[in-house]
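Observations on the model geometry
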There are 4 protein chains.
Amino acid sequence: MTGEAAPWPDLAGRLTPSGHVLPVRVYYEDTDFTGVVYHAAYLKFIERGRSDFLRLCGIHHADLSDGVHGEALAFAVRRMEIDFLGPARIDDALEVVTRLDGARGARLCLAQEVRRAGALLFSASVTVAVISFDGRPRRLPAALAARLEGAGQPD
Amino acid sequence: MTGEAAPWPDLAGRLTPSGHVLPVRVYYEDTDFTGVVYHAAYLKFIERGRSDFLRLCGIHHADLSDGVHGEALAFAVRRMEIDFLGPARIDDALEVVTRLDGARGARLCLAQEVRRAGALLFSASVTVAVISFDGRPRRLPAALAARLEGAGQPD
Amino acid sequence: MTGEAAPWPDLAGRLTPSGHVLPVRVYYEDTDFTGVVYHAAYLKFIERGRSDFLRLCGIHHADLSDGVHGEALAFAVRRMEIDFLGPARIDDALEVVTRLDGARGARLCLAQEVRRAGALLFSASVTVAVISFDGRPRRLPAALAARLEGAGQPD
Amino acid sequence: MTGEAAPWPDLAGRLTPSGHVLPVRVYYEDTDFTGVVYHAAYLKFIERGRSDFLRLCGIHHADLSDGVHGEALAFAVRRMEIDFLGPARIDDALEVVTRLDGARGARLCLAQEVRRAGALLFSASVTVAVISFDGRPRRLPAALAARLEGAGQPD
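An account of the accompanying structure is given in this report. (Residues numbered from 1 in each chain as written. Chains lettered and ligands numbered in written order. Predicted model: local features only at pLDDT ≥ 70, side-chain atom pairs only at ≥ 80, totals over all residues.)

Points about the overall build of chain A
Along chain A, the regular secondary structure elements total three helices and six strands. Reading chain A from its N terminus to its C terminus gives the helix and strand order β-β-α-α-β-β-β-β-α. Computed over its C-alpha atoms, the radius of gyration of chain A comes to 16 Å, within 12% of the 15 Å expected for a compact globule of 155 residues. Projected onto its principal axes, the C-alpha positions of chain A cover 45 × 45 × 35 Å. Every one of the 155 residues in chain A was classed for burial, and the buried ones make up 48%. When contacts within chain A are restricted to residue pairs at least 6 apart in sequence, long-range pairs at least 24 apart make up 66% of them. (Helix = DSSP H or I, 4+ residues; strand = E, 2+ residues; numbered from the N terminus. Rg over C-alpha atoms; globule rule 2.2 N^0.38 Å. Buried ≥ 20, exposed ≤ 12 C-beta atoms within 10 Å, placed from the backbone. Contact = placed C-beta atoms within 7 Å.)

Given below as structure tokens:
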């Protein structure tokens with residue numbers, strides 16, 4: 001029945017020279033009574049972008065939490081600076097752009113944007129930590145850190 | 001930058017002989033502390049399925065609410081019967097399957113499922129009404145009703 | 001600073017002869033672009049009602065998942081029949097009413113409603129299972145089951 | 001049936017000398033598979049705090065959007081700086097503390113925190129704009145701006 005569906009890698013977006021790009025559609029769930037996208041919905045959009053950027057680098061939340069790389073690990077957001085620059089509306093086709101700004105020890109810094117037809121609607125600087133399931137900071141396993149190298153990192 | 005991204009129709013899923021199929025990924029936002037997908041997240045998944053089924057039939061929420069077809073209209077869910085049959089987890093690749101069971105006057109009846117690799121995780125019978133923005137029932141405009149004919153309706 | 005805040009039990013609603021009653025406010029997060037409460041938000045409202053009904057019966061999710069009563073346990077929704085009867089709007093003061101219709105083995109059946117100033121907006125029949133963290137059905141520990149007896153159960 | 005429920009003003013929190021305080025409970029909907037509160041849920045918590053702070057100042061979203069004060073108006077978040085300082089868990093009793101740092105023209109600046117038993121878990125600096133429903137910046141009507149004066153503003 002589902003043989004014709006797009007192959008899954010397409011849903012994880014694309015790694016491009018200027019960053020990872022994930023298309024996202026605006027549905028009812030993302031809007032509020034003022035007629036536009038609810039402000040916290042953008043945090044969900046950019047988390048999908050981060051997850052799929054990592055996925056295309058070979059880093060999977062399920063593997064990390066299952067302890068495939070040793071101790072069970074997860075990502076936790078530590079800091080965000082966010083600018084809401086323009087509204088998005090129901091049915092809009094948006095793009096989440098994710099660039100790795102740096103990875104040091106237990107922390108990743110990412111620059112993320114949401115765009116519609118090239119227009120910038122949302123911009124965020126995000127710091128993410130790697131933690132154990134009891135909340136302690138951990139280094140990203142070396143094999144995974146190596147996979148991030150060159151994936152969207154600035155020169 | 002985004003020229004390599006998949007063309008948008010791919011994100012709206014596919015109309016297949018056995019129903020509309022939309023791939024959906026499980027992200028952090030969809031899970032809860034018990035380790036699986038939060039029950040109400042399935043309602044979001046199947047609404048994305050309904051919206052994209054309608055989109056591929058040429059029926060757009062933005063057009064309806066902008067009054068492109070006359071009075072400003074929207075869809076409102078009236079009734080659901082839901083069975084939660086199995087858990088989904090972070091990173092899972094799911095498929096939302098949507099079939100139109102019937103359209104009469106102001107109401108659409110749909111059968112919707114969520115599957116993972118063919119296994120049925122969630123099943124719902126959904127009744128949706130067309131309403132004006134002050135909440136009164138309205139018929140789907142005839143031109144749009146015609147677009148639904150044959151789109152996944154049973155013989 | 002917060003000495004004047006209402007004592008916490010107030011936030012868990014009230015056990016009344018006709019069921020548990022939890023006041024709930026409608027915020028931006030609960031609405032969608034059609035100007036009313038998003039349909040899946042009602043599932044969040046009634047889960048808050050179920051959680052606080054159980055809390056006032058002495059059954060706490062944190063204790064269950066921490067294994068205070070033996071094996072780590074959680075609740076999982078198995079089935080829902082839902083009628084959406086009227087819209088709610090931003091700032092509305094709603095009440096979630098929860099009544100236990102029966103408890104057998106691993107399952108609880110509850111009748112839940114959302115009302116505004118007495119008017120019925122939403123009604124649901126909900127079946128909830130007790131499960132282990134690997135998803136297997138479990139009986140509610142006897143000491144906890146005893147606490148449910150008489151708590152809103154019909155004669 | 002609901003006569004015994006807490007009077008509604010209790011659900012809107014308290015204006016205290018050190019800011020508005022809103023108690024918030026952590027439910028299933030707020031958590032993710034890593035076992036703690038999902039990061040974007042804090043944005044919902046602090047929006048509830050802002051809404052109830054404004055409510056106790058006599059400023060209501062429903063009145064604004066209904067045009068009670070002239071043109072239909074709404075609030076839109078423009079900028080946030082956020083620090084996630086510690087995890088919260090299911091059943092936790094949190095407090096959202098909101099202080100008005102300044103109001104100028106179309107913009108309000110607020111300092112917001114989420115605490116548990118005095119411990120700081122989350123801190124945000126938030127800039128909110130008043131806008132018309134077509135997205136243009138507007139001054140808060142003078143009568144409403146007057147109500148904000150003295151309500152939690154620093155000396």
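Looking at the interface of chain B and chain D
Every contact between the two is made by nine residues of chain B and, on the other side, nine residues of chain D. A class-by-class count of the residues in the side of chain B that touches chain D yields five nonpolar, two polar and two charged. (Nonpolar A, V, L, I, M, F, W, Y, C, P; charged D, E, K, R; others polar.)

Here we look at unusual backbone geometry
In this structure, Ala117(A) takes a positive phi of about 50° despite not being glycine. Its place among the elements puts Ala117(A) in the loop between strand S5 (107-116) and strand S6 (119-132). Judged by local crowding, Ala117(A) falls into the exposed class, with 9 C-beta atoms found within 10 Å. Phi is positive for Asp91(B), close to 75°, though the residue is something other than glycine. Structurally, Asp91(B) is set in the loop between strand S3 (73-84) and strand S4 (93-104).

A few points about the relation of the copies chain B and chain D
The two chain copies are connected by a rotation around an axis plus a translation along it. Turning chain B through 180° and shifting it by 0.0 Å along the axis lays it on chain D, with an RMSD of 0.0 Å. Here the two chains are linked by the operation of a two-fold rotation axis. Relative to the rotation axis, the closest C-alpha in chain B is found at Asp32(B), a distance of 1.9 Å. Most of the interface of chain B is mirrored in chain D, where 100% of its interface residues are also at the interface. (Least-squares fit on C-alpha atoms with pLDDT ≥ 70 in both.)

A word on helix H1 (residues 41-56) of chain A
Structural remark: α-helix, 3.6 residues per turn; residues separated by three or four positions point the same way. A rise of 1.5 Å per residue sets the reference length of H1(A), with its 16 residues, at 22 Å; its end C-alpha atoms lie 23 Å apart and thus fit the reference within 8%. A positive backbone phi angle near 90° is found at Gly58(A), which sits one or two residues after H1(A). (Expected span 1.5 Å × (residues − 1).)

Looking at the pairing of strand S2 (residues 19-25) of chain A
Residues and elements named next belong to chain A. With five of its seven residues buried, S2 lies for the most part within the structure. Looking at chain direction, strand S1 (residues 14-16) and S2 are connected through three bridges and run antiparallel. Residue pairing in the sheet places Leu15 in a bridge with His20 of S2. Joining the antiparallel neighbours S1 and S2 is a turn of two residues. Looking at chain direction, S2 and strand S4 (residues 93-104) are connected through six bridges and run antiparallel. Bridge pairing in S4 links Arg25 to Ala93. (Pairing = 2+ DSSP bridges.)

Things to note about the environment of Lys44(C)
As for its placement among the helices and strands, Lys44(C) is situated in helix H1 (residues 41-56). What makes Lys44(C) buried here is the crowd of 20 C-beta atoms within 10 Å. Considering only alpha carbons, one finds Lys44(C) and Asp30(C), 14 residues apart in sequence, at a separation of 9.3 Å. If sequence neighbours within four positions are ignored, Lys44(C) has contacts with Ala40(B) and Glu29(D).

Concerning the sheet that holds strand S1 (residues 14-16) of chain B
Pairing is antiparallel in the open sheet, where twelve strands are placed in the order S1(B)-S2(B)-S4(B)-S5(B)-S6(B)-S3(B)-S3(C)-S6(C)-S5(C)-S4(C)-S2(C)-S1(C). Each having just a single partner strand, S1 of chain B together with strand S1 (14-16) of chain C make up the two edges of the open sheet. With direction set aside, neighbouring strand axes in the sheet form an average angle of 30°. Across the sheet, helix H1 (residues 41-56) of chain B is in contact with S1, strand S2 (19-25), S4, strand S5 (107-116) and strand S6 (119-132) of chain B; its angle to S2(B) comes to roughly 135°. Each of S1, strand S2 (19-25), strand S4 (93-104), strand S5 (107-116) and strand S6 (119-132) of chain C is contacted by H1(C), which is oriented at about 135° to S2(C), the strand it contacts most. (Axes fitted to C-alpha atoms, helices over the stretch in contact; angles between N-to-C directions.)

Comments concerning the sheet that holds strand S6 (residues 119-132) of chain D
In space, the twelve strands of this open sheet follow the order S1(A)-S2(A)-S4(A)-S5(A)-S6(A)-S3(A)-S3(D)-S6(D)-S5(D)-S4(D)-S2(D)-S1(D), with antiparallel pairing throughout. Every interior strand has two partners, whereas the edge strands, S1 of chain A together with strand S1 (14-16) of chain D, have only one. Shown here is a sheet whose adjacent strand axes are inclined to one another by a mean of 30°, direction ignored. Two strands pair when backbone bridges link them, and S5(A) and S6(A) are joined in this way by ten bridges, in the antiparallel orientation. Its bridge partner lying in S6(A), Glu113(A) is registered against Ser123(A). Sheet contacts for H1(A): S1, S2, S4, S5 and S6 of chain A; angle to S2(A), the most-contacted strand, approximately 135°. Of the strands in this sheet, S1, strand S2 (19-25), strand S4 (93-104), strand S5 (107-116) and S6 of chain D touch helix H1 (residues 41-56) of chain D, which is tilted by about 135° from S2(D).

So, the pairing of S4(C)
One ladder, built from nine bridges, connects S4(C) with S5(C); its direction is antiparallel. Bridged to Arg99(C) within S5(C) is Ala111(C).

Things to note about the environment of Leu43(D)
The residue Leu43(D) is located in helix H1 in this model. Once residues within four sequence positions are removed from consideration, Leu43(D) is found in contact with His39(A), Ala40(A) and Leu43(A).

So, to be careful, I would describe these as geometric facts and stop short of saying anything about function.
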